[in-house]
Amino acid sequence: MSEVRLRRLLPGLLLVALPALAAGVPDPMRPPSGPDTVDAPSAAPQVLQLTSTLIADGRRVATINGHPYRVGDRVGDAMLVAIEPTAVVLERDAGRLRLELLPSRVKTRAGR
């Protein structure tokens with residue numbers, strides 16, 4: 001086979017061979033699945049994080065773990081019993097739990 005002919009065939013051969021070589025390489029952006037995946041134990045305690053409270057016009061809403069809750073709502077195995085400007089109180093079988101906002105997250109209305 002002449003060198004010129006080989007140079008013309010080489011790009012075509014690479015186009016056919018490279019996908020076959022890459023077939024065995026896992027996608028690094030795909031989340032793990034299957035038997036290698038380790039699930040967290042379901043009995044593990046849930047970490048609760050208060051990120052905001054809203055008290056305005058008779059409404060009281062607290063954002064815990066990214067979800068909005070009102071007094072009386074269930075938050076995991078606890079019930080939300082109070083929403084204050086900088087904290088919430090949850091009641092569990094084991095007792096009450098108070099979640100507080102970080103001081104840098106406390107905002108008040110202008111003019112108050």
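All values reported here derive from a predicted model rather than from experimental measurement. (Residues numbered from 1 in each chain as written. Predicted model: local features only at pLDDT ≥ 70, side-chain atom pairs only at ≥ 80, totals over all residues. Heavy atoms only, no water.)

This part covers the pattern of salt bridges. According to the stated counting rule, one finds four salt bridges in the structure shown. Note that Arg92 is salt-bridged to Asp77, the shortest N-O span being 3.5 Å. Residue Arg92 is located in strand β6 (residues 87-92), and its partner Asp77 is located in the loop between β4 (74-75) and β5 (78-83); the two are separated by 15 residues in the primary sequence. A salt bridge links Arg98 to Glu100, with the shortest nitrogen-to-oxygen separation between them at 2.9 Å. Taken together, the shared-partner salt bridges in this structure form one network comprising Glu84, Arg98 and Glu100. (Salt bridge = Lys/Arg side-chain N within 4 Å of Asp/Glu carboxyl O. Helix = DSSP H or I, 4+ residues; strand = E, 2+ residues; numbered from the N terminus.)

This next bit is on the sheet that holds β6. Spatially, the four strands line up as an open sheet ordered β4-β5-β6-β7, and their pairing is antiparallel. Edge strands, defined here as strands with exactly one partner in the open sheet, are β4 and β7 (95-100). Here two bridges tie β4 to β5, and the two strands are oriented antiparallel to one another. Bridge pairing in β5 links Arg74 to Met79. (Pairing = 2+ DSSP bridges.)

Bringing the sheet that holds strand β2 (residues 59-64) into the picture now. An order of β1-β2-β3 is seen for the three strands of this open sheet, with the pairing classed as antiparallel. The open sheet is flanked by β1 (50-56) and β3 (67-69), the only strands paired with a single partner. In this sheet, adjacent strand axes meet at a mean angle of 20° when their direction is disregarded. Of the pairings in the sheet, the one linking β2 to β3 comprises three bridges and is antiparallel in character. Its bridge partner lying in β3, Ile64 is registered against His67. (Axes fitted to C-alpha atoms, helices over the stretch in contact; angles between N-to-C directions.)

Considering the arrangement of structural elements, one finds Tyr69 in strand β3. Exposure remark for Tyr69: the relative accessible area of 16% places this residue in the buried category. Each C-alpha atom of the pair Tyr69 and Met79 lies 9.9 Å from the other, and the pair is 10 residues apart in sequence. Aside from chain neighbours lying at most four places away, what touches Tyr69 is Arg60, Val61, Ala62, Ile64, Arg74, Val75, Leu80 and Ile83. (Buried < 20%, exposed > 50% of the residue type's maximum accessible area, 1.4 Å probe, protein only. Contact = heavy atoms within 4.5 Å.)

This part covers the side chain of Thr63. Looking at the element boundaries, Thr63 is found in strand β2. Thr63 sits in the buried class, given a relative accessible area of 19%. With near-sequence residues (within four places) excluded, Thr63 lies in contact with Gln49, Leu50, Thr51, Ser52 and Pro68.

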